[in-house]
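Each chain is listed here by its residues.
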Amino acid sequence: MSGFIITQFRVGEYQTNCYIILETASNECLIVDPTQETEFIIDQIQKIKGIPKGIILTHGHFDHMLEVFALEKLLDVDTWMSQKDESIKDRMKQTAEHFLGHVVIAVPPQRLKWMNDIQKIPLGSSYVEIIETPGHTPGGISIVIPTIGIIVGDLMFHEGIVGRTDFSYSDKKQLALSIKKILTYPDDYILYPGHGRLTTVGFERAFHENI
Ligand SMILES: [Zn+2]
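What counts as what
Residues numbered from 1 in each chain as written. Predicted model: local features only at pLDDT ≥ 70, side-chain atom pairs only at ≥ 80, totals over all residues. Helix = DSSP H or I, 4+ residues; strand = E, 2+ residues; numbered from the N terminus. Buried ≥ 20, exposed ≤ 12 C-beta atoms within 10 Å, placed from the backbone. Contact = placed C-beta atoms within 7 Å. Pairing = 2+ DSSP bridges. Core = buried A, V, L, I, M, F, W, Y, C linked by C-beta atoms within 7 Å.

### Some words on the overall build of the chain
Looking only at helices and strands, one finds 6 helices and 12 strands in the chain. Each principal axis of the C-alpha atoms in the chain carries an extent, and together these give about 45 × 45 × 25 Å. Looking at the 211 residues of the chain, the share that counts as buried comes to 40%. Here the contacts in the chain between residues at least 6 apart in sequence split such that 60% fall between residues at least 24 apart.

Here it is as structure tokens:
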């Protein structure tokens, strides 16, 4: 029977949540936001006997994709992201060095495939669905894993915390609309944020009553 197992790890200097979505009938998997600790991530994929089918980036910030270039090569897979974050991705080295305060070897992903709204990415006998959830960045997307939950990137976090909108390209109103979109899903859907603890749609609904 088809089902999914979601594995979460905190990786890199920003303790970014990296997720592996494994489809249990085929063992095919997708890797979401694997920023750093590439060897560790590959070990984890091997541990669950995953067959990597691709990388998905929830948005174009460097703390979600620092070593994706290396992972693409080692796993021989492509990377899906929104083209609306292309310019943010192109500046990743400068931005990373600014925030981290040291020189980084940062090559943007090279095997890019652009995603559209309501796009289904096949995984074994099933699929995951991409929905556009802009606001934190213009190209922010969320990944809906049918019957399980949603990987929301830096759109929203545990206990009503919302994504940063103080960047020049951020949009507070769009962020609010994107959160509303997430809250239309069932209460028991797990929310998998880009940093910090997991939560659920039902638990977060109370924090966003006035959004
Ligand atoms: Zn971000």
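### A look at the sheet that holds strand β10 (residues 149-153)
Here we have 6 strands laid out as an open sheet, ordered β7-β8-β9-β10-β11-β12, and mixed in their pairing. With partners counted over all chains shown, the strands left at the sheet margins are β7 (119-123) and β12 (199-200), one partner each. As paired elements, strand β11 (residues 190-193) and β12 share 2 bridges and run antiparallel to each other. Each residue of the ladder has a partner; that of Leu191, found in β12, is Thr199.

### Quick look at the nonpolar core
Ranked by size, the top nonpolar core spans 43 residues in total, and within it Ile21, Leu30, Ile31, Val32, Ile143, Ile150 and Val152 carry the most contacts. By residue number, the principal contributor to this core is strand β2 (residues 16-23), which donates 5 residues. Beyond its immediate chain neighbours, meaning those up to four positions away, Val32 contacts Cys18, Tyr19, Ile21, Ile56, Thr58, Ile143 and Ile151.

### Observations regarding the environment of Pro134
Locating Pro134 in the fold gives a position in the loop between β8 (126-132) and β9 (141-145). When the C-alpha atoms of Pro134 and Ser170 are compared, they prove to be 8.2 Å apart, with 36 residues separating the residues in sequence. The residues touching Pro134, leaving out its near neighbours within four places in the chain, are Gly139, Gly140, Asp171, Gln174 and Ser178.

### Points about unusual backbone geometry
With a phi angle near 45°, Gln15 is a residue other than glycine that sits in the positive phi range. With respect to the helices, strands and loops of the structure, Gln15 is situated in the loop between β1 (4-11) and β2.

### A word on the pairing of β9
Within β9, 5 of the 5 residues are buried, leaving the element largely enclosed by the surrounding structure. Of the two faces of β9, both are covered, the one formed by Ile141, Ile143 and Ile145 as well as the one formed by Ser142 and Val144. Relative to β9, β8 is paired through 4 bridges, and the arrangement is antiparallel. The residue bridging Glu129 from the neighbouring strand is Val144, located in β9. Sheet topology note: the β9/β10 ladder contains 3 bridges and is antiparallel.

Interpretation in functional terms is not warranted from these geometric data alone.
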